[in-house]
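Residue-level structure breakdown
Take a look at the letters that make up each chain.
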Amino acid sequence: MKSFVLDRKNYVFVYVIGYLLRGIIYHFFPWINEILTALTILWPLVFFAEALKEKRRPDHLQACLLAFAAGALVSTLVNLSEVNPDAWLSLWQVMSLLLIFSLPKRESAESARKFYTLLAEISAGFIVLLAAGSLFLLACYKMNLSLPGGLADGSRIFTYGHMGEETRFCGLFGYSADGGNLCALSVILSLFLLEEKKWNPILAAVCIIIAVITVVYLDVRTSMVELAVVALILLYRFLKRKTSAKTACLLITGGLFAGAVLVFAVKHDALMGMMEQMREDPEKTLRFLTTGRSAYWASAWQGFLARPIFGYGWMNFTHMFRTYFDTHNLIFNLLFWTGLCGTVPIAVFAVLFLRQMVREKPGWTMKAVLLAGVLAESMLDRAILGTAHTAPETSFFWLSAGMLAYHAAGQASGKEETENKGEKTV
């Protein structure tokens, strides 16, 4: 039992798969969320106590993440009277992300690769099963076919949309945005498993098609943007194998320009009307294009200018023009919540991480593509640094980042291995 608890792979596995399955488990064990929450609070204490006992020192990347967590805590304490109770859980889960990021450094390249692959197979397979089931229920609903327990009833497979102003298809995912983000994640993981030769091309293609079709029916534009970014990176990777990087960029730019011209020709009247609206009321038009996000971004920016050092505290939106838990943008969340004391450490982490990637040159592996895709999602959603319950795409983001930081391109760095022999780290 002790060895099971002290193995970080077990914690990460329970953390990711537990939250991925909780929507299903909840129907049989309603208290599953309380159990998972307790595990995410108590289990990390074992690892941090172990690190303190053995006097392990964080490396430069881990130190930046610890500095960020400290900055977020300070900003919250400064605004203690306005703290949301969920903020404390969310802040502690930031520490869980540090454990997930650090996992590959404590494992050999082969052990980390096997664990990552197993986690990817289970996650991608389960998400695709939910997607296929959702499409089946939608087909039954459209054909007015009744199923036992009312599984295909509109009340079960449709839910509220953005700000509760519309009804949207959610299938078996509970909420459309959650389903879209999970399906986008499954596409990337399917491509990773294809790259690793764990899935054959037919299986990967079927899973990707099911996931993409589900995203379309869920109508999650954030996930569409993420998939578009992934598609552009894969196109660049393909073209770069055939020609130079410069030529590949020129071809992609030319293709995007030709596509824009085609869209303008086909949708000329609609685009001209939108441009006219932009001239008359740019703020309203921008809110429409960003489904209300731009108003929160503007409000968050003004809040940052008012309190640039400490911000308003983690998950505190009482000073927004309209109380809401999230701006749906990583940068504006950090600026508003933590000010410079939290944003600067994350920025330093990003610079150091990118510098390490330039040095190691892992290339556009699917782990790197996953980072880019989820980062694009975080510009329109709350990925990477979640709120109360960290979603699977956030966990995979930090696990992928750790794999690239400590086992670039799937191989352990000789320099890193040498450093590990002479230094204990978190």
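Residues numbered from 1 in each chain as written. Predicted model: local features only at pLDDT ≥ 70, side-chain atom pairs only at ≥ 80, totals over all residues. Heavy atoms only, no water.

**Observations regarding the packing of helix H6 (residues 109-142) against helix H9 (residues 201-218)**
It is at 9 Å that the axes of H6 and H9 come closest, and there the two elements cross at 55°. Considered as vectors, H6 and H9 are oriented oblique to each other. Where H6 crosses over H9, the handedness of that crossing is left-handed. Here Val128, Ala131, Ala132, Leu135 and Leu138 of H6 come into contact with H9, specifically with Cys207, Ile210, Ile213, Thr214 and Tyr217. (Axes fitted to C-alpha atoms, helices over the stretch in contact; angles between N-to-C directions. Helix = DSSP H or I, 4+ residues; strand = E, 2+ residues; numbered from the N terminus. Parallel < 35°, antiparallel > 145°, perpendicular 65-115°, else oblique. Left-handed = near helix turned anticlockwise from the far one by under 90°. Contact = heavy atoms within 4.5 Å.)

**Re the pattern of salt bridges**
Counted by the stated rule, this structure contains 10 salt bridges. For glutamate 50, the salt bridge is made with arginine 56, and the minimal N-O distance between the two is 3.5 Å. Exposure class is identical for glutamate 50 and arginine 56. Each is buried. A salt bridge links arginine 113 to glutamate 110; the shortest N-O distance between them is 2.7 Å. In this pair, arginine 113 and glutamate 110 are both assigned in helix H6, 3 residues apart and thus about one turn of the helix distant. Connected through salt bridges with shared partners, the residues Glu110, Arg113, Lys114 and Glu196 form a single ionic network. (Salt bridge = Lys/Arg side-chain N within 4 Å of Asp/Glu carboxyl O. Buried < 20%, exposed > 50% of the residue type's maximum accessible area, 1.4 Å probe, protein only.)

**Some details on unusual backbone geometry**
Here lysine 55, not a glycine, exhibits a phi torsion of approximately 55°, which is positive. One can find lysine 55 in the loop between helix H3 (32-53) and helix H4 (60-78).

**A few points about the packing of aromatic side chains**
The geometry of two aromatic rings is summed up by the distance between their centres and the angle between their planes. Scanning the model with the defined rule gives 24 aromatic pairs in all. With 5.6 Å between their ring centres and 70° between their planes, phenylalanine 29 and tryptophan 31 make a pair best called edge-to-face. According to the relative accessible area criterion, phenylalanine 29 is partly exposed, its value standing at 43%. For tryptophan 31, a relative accessible area of 48% puts it in the partly exposed group. Both rings, one in phenylalanine 101 and one in phenylalanine 349, keep their centres 5.5 Å apart while their planes meet at 75°; by these two values the pair is edge-to-face. (Phe/Tyr/Trp six-rings, centres within 6.5 Å; stacked < 30°, edge-to-face > 60°.)

**Describing the confidence of the model for the protein chain**
Taken residue by residue, the protein chain gives an average pLDDT of 87. The fraction at 70 or more is 92%. Within the protein chain, H9 carries the highest mean pLDDT (96), whereas helix H18 (residues 414-422) carries the lowest (41). The low-confidence segment residues 409-425, where pLDDT is below 50, has 24 contacts with residues more than four positions distant or belonging to other chains. (pLDDT = per-residue confidence, 0-100.)

**A few points about the nonpolar core**
If you look at the biggest cluster of nonpolar residues, it comprises 104 residues, and the most contacted ones within it are Phe101, Trp314, Phe353, Leu385, Phe396 and Trp398. Counting residues per element, this core draws most heavily on H6, at 14 residues. (Core = buried A, V, L, I, M, F, W, Y, C linked by side-chain atoms within 4.5 Å.)

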